[in-house]
Structures are given as structure tokens and as C-alpha cells.
Amino acid sequence: MNEKRTLRTLIFVVLLVCTILVAPILSVGATVSANSISGQESQVQTVTDSQNQEAQSVDIVAEPAAQAATLAASTTVTPGITYSTHIQNVGWQDYVSDGVTSGTSGKSLRMEAIKINLTNAPAGSSVFYQAHVQNIGWQSQFKDGTMSGTTGQSLRMEAIRISLTGPIADQYDVYYRTHVQNYGWLGWTKNGAPSGSEGFSLRMEAIEIKLVQKGGNAPGSVENSYVSDKKTFSVAYKAHVQNVGWQNAVTDGAIAGTTGRSLRMEALQIYLPDLGSSPYGGGIKYQVFVEGVGWQNQVENGAIAGTTGQSKKIEAIRVWLEGEIAEHYDIYYCTHVSNTGWLGYAVNGQTAGIIGIGRQVEAVKVVVVSKGNTADAPKSSEKPSIEVISEANFTYSGYVDSKGIQTTAMGDGKFLGTENQVYSSFLKLTSLKIDMNATNTGIGGGIRYSIHQQNVGWTSWVNQGTSVGSTNGSLRMEGLKIEMTGEMANYFDVYYRVNTRAYGWLGWAKNGQAAGTTGLSEPIGAIQIRLVLKENGTAPGENKNYSKTLRLGIDVSSYQGDIDWAAAKAGGVSFAILRALQGVNASTISAANVDSKFYANLRYANANGVSVGVYRYGYAVTTEQASAEAKALVDVLKEAKRQGCGSINMPVVYDVEGSAQLAVSKADKAALTKIIKQFKTTIEMNGYSFMLYANRDWLTRYIDMNEFANDKVWVASWYASKYSFTLPPVGMDHGYTGKGNVVMWQFSSQGKVPGISGNVDLDVTML
């Protein structure tokens, strides 16, 4: 037993020593192991391929005590970069990481392709890389493990660019150097600058890539990192960033600013460091579009464009070369914009960015390219800029009764037509044409519209520049729909409202909603249209109460017997007002007096998609009795809910037409008014919407309607000879002109509806 314990102790000591000695070698791997010994990372030196493979082959089997010691070590995880190259006659090599050589040297073997990955990087981070390939030139960018270069084509890689994006780009620089035929190892470069050679038909043979914290030193010499037969210019630039200040200058396509941090760029400097030694004269000029300022005056050769200390964002930039240098070179630049990302490249003074919707430029990239050098010119399918449409580019016109064609421009308070008209001499609007010039905005799409026209109904949609309706004033416009199309719909909401003869200005509709009236024969006299930015825009008003449409309905009780609600719905019934309580003396009313068909009617009306309200035929001659009637009705509704009969989504109605209440009013009109108000108060206290029902005579003579001027009113006004049919009348021709908001009209007591035997009351409503 003692010999075994001694042997076990000896093994433990040996393994612990091996762990301490081998751990630094193991830490070279692409991912920092949770078992790494704390503090060893800084001691790791670049190793050869054979050393790396040897380190990776070590297999440590530790006793539990040794494992516990290892787990207690530091578990700090830092980002890394791994890469694999495809080599002539070798194929894909194993991945190496963080400065280790991939490829060969001294074997005259060409590098043909590469794959690069980040490890332990913050979310949203990526590595981009672009290869310059024999007979092809600069390929498109690839990222995050996708192959760049070629395989199976015997084509050499000659140069490469590597850059970081996302949060990691704010924390690290990516450095890289290449081993090139006839030159050997070139100097280190970073962040998107080219490494290798161009124009000499020289192969890349090996590469080393390493992440270095921002502000850290390069891994080695940065001299002679790229050789080319082309006379190229470097462009240098730096950004002043919110909460950061002035960053260090970057060059030739590297990122200035930040991405993924929602920090605005506030100022910019750009200059040509090689200009002094150039055979060409000239310089570089640029200007920026600043929040609340617009386009500033142009500046040149390293001067500050933008603002500092004012918290103002740059929204767009323009850059161009001047003088002799402009005859030999083009300058490309692109912007990273909030909520959008990288836009495409602009060139030689074009606008880059988004103007007019408040989005901030967060980063820029700039590169100078020889004239005609299409291989090196940056390529992107994205637009370089978007400029919001202005009021001058948006107008609408239409024919106004007796006045002919009128035109108005978009803007606050502008309307087409005539408002504040006298009802009896109302001037109607009969046609509409919208013109929108968006050709210079960089935004695709446009606007389309349709009108509801007298005797026609809804017209087909037409696009901007097309007139719809009656251009001679013969047929009135009754409704309107407008919506944005294509890319325009991503940036704008369109709001519009109409002024009608009966209702005046209705609320604001938006994005294709039907504004105005249908089925009411009500002309439109004026319209307003507003384009509102989806981002940072302000709606001109609330998006509600923008239309009035008549719906056909019925009011029923147990007198109608069993109703086939599916047939009634199919026959055009869209709502029903159901009697909830049977007629009894108000002093003894309770939920027990429920209408014998109420629960069934409520259940099956809901099941067939018919909107439902309820009514109580009033008997109360005191306010106490009115309160009792209202409470009994509320109890019935609670029981209906308990039974799962469905919802009440229209008003609770007090029906005032009985002889007892007429006697009260003849004695004291104010007394009946108080009774109605007491019923209303009790109903509303229980969360229901109130509506008053009476015929024209009662509303005019027996109820003080000044007390109900803002309440919903249901008018009974029968024209048996005209409206004793299934179809509803056109308009609200009830004849009542007194106070109250008339939203429902009972126009017949002799209606015929599928699913109901005998006559039934017919109603129309705008609810």
C-alpha cells in the first residue's frame, strides 16, 4: 500500500512539472483553453510549423489533483485569428493562428487560396479578405472562413488585403505580412492595406497574420509591405468621433470611425501624404453635410470638415481630386450609416451618405485608384447615397366644382379644394393627380392612388403623374386611398385626410387606408396629403376617424324566434342590436328577466362574425328605477360572459319611446332627461359605451338633447314606402337635424332578411 502511494505521488509530481513546462506551448492554439496557466500568454513566441505540430500532439493525463490545479488557473478568453492556405503540390494546410507562418518558404511553391476566421470575437464581428490572383486581379471580398483565391486552376496569389469589421475593429488592428518570390518576407501592414506584389507576376508563398490591440506596436518592421509597378497614391484620413475625439489617421481603404457602437462621426480630415513627392500637381478637396447646417463649404488638404464640441452628426460626404492629379487618378469613398450599414462607393465628388432622415455617418473608407484601373476600383451593388424628396418635388392637383383645375405643393397647411363651405352650396372635388419627381433621390419606387367615385365605386390604382376621376366636374369624389410603392415605402409614410360636406375634416388616414365615405353619397370638398419620414418624422395628426362607411344591421328580440345567423350574415347583415331584458316593471327588474333568446342570439351572432350591441326598452319613471334597469342589464352581460357567449363590441342602448316615460316628459322634460342620464352613468361606470335610441319626434320635443350633444344617437325614422327592403338606403336620410352624434338610423320596421321569418327592423350605421 505504501509503495503504491509513493509511486502515485511521484507520478503526480512529474505530471505537475510537465503541465507547467508544456502549458506555454499549448497556449499557441487558436482558442485560449480554459486550462491555460495564467500569465503565460505574454511569454509565447512564434514557433515553426514542426514545433506547433509537436505542441499540438502532447497529450496530458492528469490526476484529479492536477486537474483541479489547472482548472483554478486563469480562464481569460481573448480574440484570435486562424488561417489556412492552399499551396501548390500540397493542398490545404492545417489552420495556424496569431502570427504563425502558413505556406512555405524556400520551396518555390505558390500560394493559391486562403481561408481566415476569427475566434472568440465579440458578436457581430467579421474578418474580410480579398486576394489578387494571377490573370484575374483583385477578386471580390470574402469573409469568415470562405475561400479567397482559386484551387485546381494553378493560379498564384500575388497580394492580399485583410480588414476587420464590427466591434472587434474598435478593439484590434489586424496586421499581416507576406513572403513573396524574389523578395522574401515583406514588411507588416494592417487594416485593409495591400500586402504582396502587383504587376511583376510574382507568387505569394507564405503569410503571417496577427491581431494587435489598438494602439499596440506592429509585430515587426512596416517597411516595404507592398511592391507594385503602378504609380499609386496613398490617401490618409482621420475621423473625430462622438465620445472618442480624434482617432489616429488610417490609409487606403481602412476604416476611419467606428461600426457597431452607434457613435456619430462629427468631423473629418483627408490628405495625400505622397503629394509632395508626386510628379503631378493638384490636391484633394472635400465637404460634409452636417446636422442642422447642411452642406458646409469645401475644404482641402487636411483641413477640418464638420464640427467639434457641438454634438452635430455628419450625414454625408463628398470628396474629389483637383488639378493634374485628377487627370491620372480617381478617388473612391463610402460611408457606414446608422441603421443602414455600409453604403456603396461614391467616386469623384458624388454624395456618399443619407440626407434628410437624420441618420449619422459612423465610419468612412477612402481609396485612390489609377485612371482605368478597374481591377482595383472598389465595387459594390449598394447605392452610395440616398437623398430625401423635397417639397418642390411633390405636388397634387384636381378639378374643383366651378373653379376648374387647382394645384398645391406638399407642406403644412396646404390643401387642395375648398374648405369651410356652406352645406347648401358645397363645392365638390372630382379628380386627383399626384406628381412626384424622385429621379435624383437615389430611392426607387413612387406613389399610387385610387378614388371612390360617384356611380363608379373604387377606381383602379394609378401611379404618379396620372389623373383619376372626372376632369370636367361631373362626378363627385367620395373616398381616397394613397400609398407609397417600392423602396419609397421603406422611407416614407403617406398621410392624407378629406373634408366632406356632412362631417367636415375627417381624421388622418395613412398608407392605403380608405379615407372619406362610401355608401353615404357625401362629396369631398378638399384634401391634404403629407409625406412623413418613417425615421424621425412626425405624423400630422392621429390616425383614426378617417372614414365613414354605412353598414346594414338589424335589431331583434325573442319576437323574431330562432334566427339562422349564418344566413343573416350571408344576406348582408354585419351588426345586430339585441334585446337583453324583457319588458317588466322597472321597480322589480333583475337579471332573471333576460330576453329568452338573448344568450343564443349573442352566441351565434358572434360565431358568425356579426358585431353585437344590446338595448333595454325603458320603463323607468325615476332615476332610481333607471339605475336598477342599467344594473340588471349589466348583470345579464356578466352572465353572458360567464357562459362564454361572446363579446359586446357595439354600444349599450337605452330605448326611450314608452307611454310611461312620455307622460313624465310631458309633465317635466328635464325629469325624463335626468332618467336617461342616470341610465347612461351606470352603464358607463361598468365600462360600456352608451347610445340613445328615439324617434325624431321624441328627440325634438321630449328630450333635452343639449344634455346629449356629444353622445351617440340612434334615430328611428321610418319611410315604409321607400325603405321597406333588404338593401339599405344611400346615405343617412333620417331627417333629424338636432343635437347629438347620429351614428345609427333605423329606417324600416318591415325589413326582410334571410334567416328570419317575418318582418324585422332594419338599420344602418357608421360605427
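Keep in mind that this is a model prediction, so the values were computed, not measured.

A.B. asks: Explanation requested: the overall build of the chain in the structure shown.
C.D. replies: Looking only at helices and strands, the chain has eleven helices and 55 strands in total. For the chain, with 767 residues in total, the buried portion stands at 51%. Partitioning the contacts of the chain with sequence separation of at least 6, the portion at a separation of at least 24 is 65%. With an accessible surface of roughly 33,500 Å², the chain has 46% of that area assigned to carbon and sulfur atoms.

A.B. asks: It is not clear to me how the pattern of salt bridges should be interpreted in this structure. Could you clarify?
C.D. replies: Close approach of charged atoms lets side chains of opposite charge pair. Evaluated as defined, the whole model comprises 26 salt bridges. In this structure, aspartate 170 engages arginine 261 in a salt bridge whose closest nitrogen and oxygen atoms are separated by 4.0 Å. Remark: arginine 261 occurs in the loop between strand E20 (256-257) and strand E21 (265-271) and aspartate 170 occurs in the loop between strand E10 (157-165) and strand E11 (172-180); sequence separation between them is 91 residues. Of the charged contacts, one joins aspartate 493 and lysine 534 as a salt bridge, the two residues approaching to 2.6 Å between their closest N and O atoms. With aspartate 493 in strand E42 (residues 492-500) and lysine 534 in the loop between strand E46 (524-533) and strand E47 (547-549), this pair connects stretches of sequence that are 41 residues apart. In this structure aspartate 493 comes out as buried when scored by relative accessible area, which is 10%. For lysine 534, a relative accessible area of 42% corresponds to the partly exposed category. Via salt bridges that share partners, Asp173, Lys190 and Lys214 belong to a single interconnected network.

A.B. asks: Is there a simple way to think about the packing of aromatic side chains in this case?
C.D. replies: Two aromatic rings, taken as a pair, are described by how far apart their centres are and by the angle between their planes. Applying the stated criterion to the full structure yields ten aromatic pairs. Plain terms: the ring middles of phenylalanine 394 and tyrosine 396 are 6.0 Å apart, the flat faces sit at 65° to each other, and that makes the pair edge-to-face. Judged by its relative accessible area of 0%, phenylalanine 394 falls in the buried class. A residue is classified by how much of its surface remains accessible, and tyrosine 396, at 0% relative accessible area, is buried. Grouped by ring-pair contacts, the aromatic residues Tyr654, Phe679 and Phe690 constitute a single cluster. We note arginine 448 situated over the ring of tryptophan 461; from NZ or CZ to the ring centre the distance is 4.2 Å.

A.B. asks: Looking at this structure, how should I read the nonpolar core?
C.D. replies: A general tendency of soluble globular proteins is for nonpolar side chains to be buried together. Of all hydrophobic cores here, the largest spans 64 residues; its most connected members are Ile554, Phe598 and Ile703. In terms of residues, this core owes the most to one element, helix H7 (residues 623-642), which gives eight residues. Listed in part, the 41 residues of the second largest apolar core include Ile357, Leu416, Val498 and Leu533.

A.B. asks: How should I be thinking about the packing of helix H6 (residues 598-607) against H7 in this particular structure?
C.D. replies: Helix-helix packing is described using two parameters, namely the angle between the two axes and the distance between the axes. Axis separation between H6 and H7 bottoms out at 11 Å; the angle between their running directions is 55°. As judged from the angle between their axes, H6 and H7 are oblique. Where H6 crosses over H7, the handedness of that crossing is right-handed. Contact with H6, carried on its side by Phe598, Tyr599 and Leu602, involves Val636, Leu637, Glu639 and Ala640 of H7 and no other residues of that element. In terms of residue class, the contact of H6 with H7 is made up of six nonpolar, no polar and one charged.

A.B. asks: Help me understand the sheet that holds strand E36 (residues 431-436) in this model?
C.D. replies: Strand pairs in the sheet, formed through backbone hydrogen bonds, run parallel or antiparallel to each other. Taken in spatial order, the four strands of this open sheet run E34-E33-E36-E40, and their pairing is antiparallel. What marks the edges here is a single partner per strand, and that holds for strand E34 (404-409) and strand E40 (467-469). Across the sheet, the mean angle from the axis of one strand to that of its neighbour is 20°, orientation sign disregarded. The sheet contact formed by strand E33 (residues 394-400) and E34 spans six bridges and is antiparallel. Within E34, the residue paired with tyrosine 399 across the bridge is isoleucine 405.

A.B. asks: In this structure, what is going on with the sheet that holds strand E51 (residues 652-655)? I would like to understand it.
C.D. replies: With mixed pairing, eight strands are arranged side by side around a closed barrel as E48-E49-E50-E51-E52-E53-E54-E55. Strand-to-strand twist in this sheet, taken as the mean axis angle between neighbours without regard to direction, amounts to 30°. Summarising the sheet, strand E48 (residues 551-556) and strand E55 (residues 760-765) pair through five bridges and their orientation is antiparallel. What sits directly across from aspartate 555, in E55, is aspartate 761. Strands in contact with H7 are strand E50 (611-617) and E51; relative to E50, the strand with the most contacts, it is inclined by about 145°.

A.B. asks: Sorry, what's going on with the confidence of the model for the chain here?
C.D. replies: Regions with low pLDDT should not have their predicted coordinates read in detail. The predicted model of the chain averages 85 in pLDDT, with 86% of residues at 70 or higher. Scored below 50 in pLDDT, residues 1-7 makes zero contacts in the model with residues more than four places away or belonging to other chains. Low confidence marks residues 16-75, where pLDDT is under 50. Its contacts with residues over four positions away, or in another chain, come to 51 contacts.

The rules behind the values
Residues numbered from 1 in each chain as written. Predicted model: local features only at pLDDT ≥ 70, side-chain atom pairs only at ≥ 80, totals over all residues. Heavy atoms only, no water. Helix = DSSP H or I, 4+ residues; strand = E, 2+ residues; numbered from the N terminus. Buried < 20%, exposed > 50% of the residue type's maximum accessible area, 1.4 Å probe, protein only. Contact = heavy atoms within 4.5 Å. Areas by Shrake-Rupley, 256 points an atom, 1.4 Å probe, with all protein chains shown as cover. Salt bridge = Lys/Arg side-chain N within 4 Å of Asp/Glu carboxyl O. Phe/Tyr/Trp six-rings, centres within 6.5 Å; stacked < 30°, edge-to-face > 60°. Lys NZ or Arg CZ within 6 Å of the ring centre and 35° of its normal. Core = buried A, V, L, I, M, F, W, Y, C linked by side-chain atoms within 4.5 Å. Axes fitted to C-alpha atoms, helices over the stretch in contact; angles between N-to-C directions. Parallel < 35°, antiparallel > 145°, perpendicular 65-115°, else oblique. Left-handed = near helix turned anticlockwise from the far one by under 90°. Nonpolar A, V, L, I, M, F, W, Y, C, P; charged D, E, K, R; others polar. Pairing = 2+ DSSP bridges. pLDDT = per-residue confidence, 0-100.

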